[in-house]
Amino acid sequence: MISTYNFPTKIRFGAGAVDELADYLKDNNLSKPLIVTDPVVAELPFLKRIAENLRLKGISPEIFSDIHKNPVKSDVYKGDEAYHATDRDSIIGIGGGAAMDVARAIVLRINHREDLFKYDDLIGGDIYVTHDVPHFITIPTTSGTGSEVGRSAIIADDETHQKKILFSPKLLAKIVFADPILTMDLPPFVTAATGMDALTHNMEAFVAKMYHPICEGIALEGISLIHNSLEKAVHNPDVDSRSKMLLGSMMGAIAFQKGLGVVHSLAHPLSSLLDTHHGLANAVNIPYGMQFNIAGSEDKFRRIARTLDLKEETGQAVVTYLFNLNSHINIPHRLRDIGVREEHIETLADLAIADFAHPNNPKPVSREDFKALYLEAL
């Protein structure tokens, strides 16, 4: 069964939802979409099948996949060139977080011609997002970032590696086709890493300091869905577990409108400096970041523990659960196991303290705190 959820945009959810894409494009008088994806997804059978189905309906897709796994500004500029060179009329982001971020940034770039980082939300650049944008559609293929329902893109500077946020309500997709069938063939590692990314979004949003009970309710249900489906999705996937993970992922992205925190500020520098997969970076760091946050947030952690069906409703029980979950899905417990060395720590701490996520953490995080957390996790 395919359902429609109108929150925060129109979502067509269910097995086979992607088959509605061609008719949707025709109904909206769109015939030349730029499909933005990553180099891996571009070669997968389902992407080729989607493109062929469009061609059979008289639609001429152009595929752009020249992007990094941790996107940089030059990726966006190349995509913009592809859009104009091939005379496109719409943009479809297909893939995980990297593809969605680049697709959304290209959507912004088409009619906003100043330097891309002029529109950085962290310096108030959203006020310059004033022009119309191309028709934008998203199709997730992982259950991680939830970027398909987002209004922002995270893009790094090619030289400094510092991440910028491009944000505007104009960047929300007109429609999302969320089809769990597209996630069925994800390898176990990608399922595990992206799944922990989704869990991190929900947990960090729930404990973030802003008062936002709507997001907190969504986050708790997202935690529950992921808790009840991630291990099965990794080791023995079926449509039910993949569907729950896809919903949990979208809910995490909706919930983190409330904010993120220390875990993301630990993870972002690993991606920008060492090109670590974002989900993996979050997965390794989340037990340490949640441990840091317990003091002062005991009630929040009690509610998370209850949602996770833990016998002891404490923050420490939540941290133990996270370490155990990582073990069960073959995520390492130590940063050294994903390529971090002691000589990286000072630079990582510099990048972490400059990151945009931790100001929403429930307790302040200093540079020395970041350094200590990296060393503890090393």
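Only a predicted model underlies this, so the values are computations on that prediction, with no experimental measurement involved. (Residues numbered from 1 in each chain as written. Predicted model: local features only at pLDDT ≥ 70, side-chain atom pairs only at ≥ 80, totals over all residues. Heavy atoms only, no water.)

(A) Seen up close, the packing of aromatic side chains. Within the structure shown, the criterion is met by three aromatic pairs. Ring geometry for Y5 versus F13: centroids 6.0 Å apart, planes at 40°, classification tilted. Overall, the relative accessible area of 6% leaves F13 in the buried class. One Lys or Arg, R109, reaches over the ring of Y77 and ends 4.2 Å from the middle of that ring. Positioned over the ring face of F117 is K164, at 5.8 Å from the centre of the ring. (Phe/Tyr/Trp six-rings, centres within 6.5 Å; stacked < 30°, edge-to-face > 60°. Buried < 20%, exposed > 50% of the residue type's maximum accessible area, 1.4 Å probe, protein only. Lys NZ or Arg CZ within 6 Å of the ring centre and 35° of its normal.)

(B) Expanded view of unusual backbone geometry. A cis amide bond, omega -5°, links F7 with the succeeding residue P8. Structurally, P8 can be placed in the loop between β1 (3-6) and β2 (10-13). Even without a glycine there, the phi angle at D87 is positive, about 55°. With respect to the element layout, D87 can be found in the loop between α4 (73-85) and β5 (90-95). The exposure class assigned to D87 is partly exposed, which follows from its relative accessible area of 49%. Backbone geometry places D275, a non-glycine residue, at a positive phi of 60°. (Helix = DSSP H or I, 4+ residues; strand = E, 2+ residues; numbered from the N terminus.)

(C) Expanded view of the side chain of N285. With respect to the helices and strands, N285 occurs in helix α11 (residues 278-293). Apart from residues no more than four positions distant in its own chain, N285 is found in contact with V263, L266, A267, L270, L335 and A377. (Contact = heavy atoms within 4.5 Å.)

(D) Region of the structure containing the environment of K26. Considering the arrangement of structural elements, one finds K26 in helix α1 (residues 21-27). Sequence-distant contacts of K26, defined by excluding residues within four places in its chain, comprise K57 and I59.

(E) Main features of the nonpolar core. I91 and M203 are the most contacted members of the largest nonpolar core, which has 96 residues in total. One finds A22, Y24, L25 and I59 within the second-largest nonpolar core, a separate group that totals 20 residues. (Core = buried A, V, L, I, M, F, W, Y, C linked by side-chain atoms within 4.5 Å.)

(F) Expanded view of helix α6 (residues 188-207). When the terminal C-alpha atoms of α6 are compared, their 28 Å separation across 20 residues agrees well with the 28 Å that a helix rising 1.5 Å per residue should span. Of all the 20 residues making up α6, 17 are buried; the element is thus mostly covered by neighbouring parts of the structure. (Expected span 1.5 Å × (residues − 1).)

(G) Spotlight on the pairing of strand β3 (residues 33-36). What you see with β3 is no split at all: P33 and I35 on one side and L34 and V36 on the other are buried throughout. Pairing of β3 with β5, which is carried by four bridges, proceeds in the parallel orientation. Counterpart to V36 in the pairing with β5 is G93. For β3 and strand β4 (residues 62-64), the ladder comprises three bridges, and the chain directions are parallel. Among the inter-strand pairings, I35 is bridged to a residue of β4, identified as I63. (Pairing = 2+ DSSP bridges.)

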